[in-house]
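Observations on the three-dimensional arrangement
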Amino acid sequence: MEAIQWKANSLYLLDQTKLPVEEVWLEFSDYRAVAGAIAAMVVRGAPAIGVSAAYGYCLAAMEYRSLSPAAFQSNMALAKGVLAASRPTAVNLFWALDRMERCLSAHGNSPDAVPALIAQARAIHAEDVEMNHAIGAHGAAVVPEHARVLTHCNAGSLATGGYGTVLGVIRSAFAQGKVDMVYADETRPLLQGARLTAYELVRDGIPATLIADNMAAFLMARGKIDMVILGCDRMAANGDFANKIGTYSVAVNAHHHGIPFYTALPSSTIDLSIPDGGGIPIEERPGSEITHVFGVQTAPLEVGTYNPAFDVTPHTLLTGIVTEKGVVYPPFQENLAKLFG
Ligand SMILES: CSC[C@H]1O[C@H](OP(=O)(O)O)[C@H](O)[C@@H]1O
């Protein structure tokens, strides 16, 4: 399964707001529309956002290639800003755009750099898939036999360039016969778990049970969960990390019940420039996502709302960090610096 395709110099995105009911592919030839698609979560998930923005940067270069070198360069800087403003938390967005900008600079900031930029974006896409398979292999090693795994939100093929981080681990462990059940939190308010993770697991024939977010602790209390593994949108230098809202609650409950708690992420999600989780920008989204469920009103419009898209989990609640270079254990700051510094 894939959510992103580059074909005939256009970007195609699977519209994830329509899943699981409809599989609708949208074509993009304007980088502004790509930024809008990221903001509207047509495409979402930290690595997928980075890959999409890289292709959006190519669309900008194609739009501006007939300008003078000076005008081309200034408009490309503006385009990078438009793409970077789409969502604030996933560091992959900025990591990918910086790589694209360095590629352009390495080619003299010239309008002739379009083919090189497309090659760079394709490389970012392919590298992400390779990293996910490596994450899957390293992560499968920490999955116990007959594992009953809890996950939150979606960190699968739909959140990445393909194969997935968390679902990459689950796919690899399932292929080794080690997964008996995956419990997927529906993940309010936008239901990425119900709509996307359940969709991916069912398509792959991996046993899945969908639960409401408020049921996870009771499953843990009844001894039904052997490990938790979930995604990451930005990890600070000390291992504190931002992930979908609700992650912190899952972490606290897992800690209380002595259940191993992992996050899985590629190195493009690690931000060593931020010392701890306090420095991670947390996106706040419209209150209508709380007062409505996909257009159906479920609360009075006059009520106040609070809708952070992510929360921050302290590294002290982590058992390990599954990366493409291996599983990182405490002391996280020291070991992350050794592997990624
Ligand atoms: C592999 S990153 C997946 C990560 O991104 C999700 O957030 P969103 O759906 O808002 O982009 C969620 O935090 C997942 O864990």
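All values derive from a computational prediction rather than experimental measurement.

**Brief notes about the sheet that holds strand 15 (residues 326-328)**
- The sheet built from 7 strands is open, its strands ordered 6-5-4-7-10-14-15 with mixed pairing. Each edge of the open sheet is held by one strand with a lone partner, namely strand 6 (208-211) and strand 15. Taken pair by pair, the neighbouring strands of this sheet meet at an average axis angle of 25 degrees, ignoring direction.
- Relative to strand 10 (residues 261-264), strand 7 (residues 227-230) runs parallel, the two sharing 3 bridges. Residue pairing across strands places L230 opposite T263, the latter belonging to strand 10.

**Notes on the sheet that holds strand 8 (residues 234-235)**
- Read across the sheet, 3 strands follow the order 8-9-13 without closing on themselves; strand pairing throughout is antiparallel. Of all the strands in the sheet, the pair left with one neighbour each is strand 8 and strand 13 (310-313).
- Where strand 8 lies against strand 9 (residues 241-244), 2 bridges are found, and the strand directions are antiparallel. Bridge pairing in strand 9 links M235 to F241.

**Digging into unusual backbone geometry**
- Of note, the bond from R188 into P189 is cis; its omega dihedral lies within 30 degrees of zero at 5 degrees.
- Topologically, P189 is positioned in the loop between strand 5 (179-185) and helix 7 (192-204).
- The peptide bond linking P330 to P331 adopts the cis configuration, its omega dihedral lying at -5 degrees.
- One can find P331 in the loop between strand 15 and helix 11 (332-340).
- Even without being a glycine, Y163 presents a positive backbone phi close to 75 degrees.

Thresholds applied
- Residues numbered from 1 in each chain as written.
- Predicted model: local features only at pLDDT ≥ 70, side-chain atom pairs only at ≥ 80, totals over all residues.
- Heavy atoms only, no water.
- Pairing = 2+ DSSP bridges.
- Helix = DSSP H or I, 4+ residues; strand = E, 2+ residues; numbered from the N terminus.
- Axes fitted to C-alpha atoms, helices over the stretch in contact; angles between N-to-C directions.

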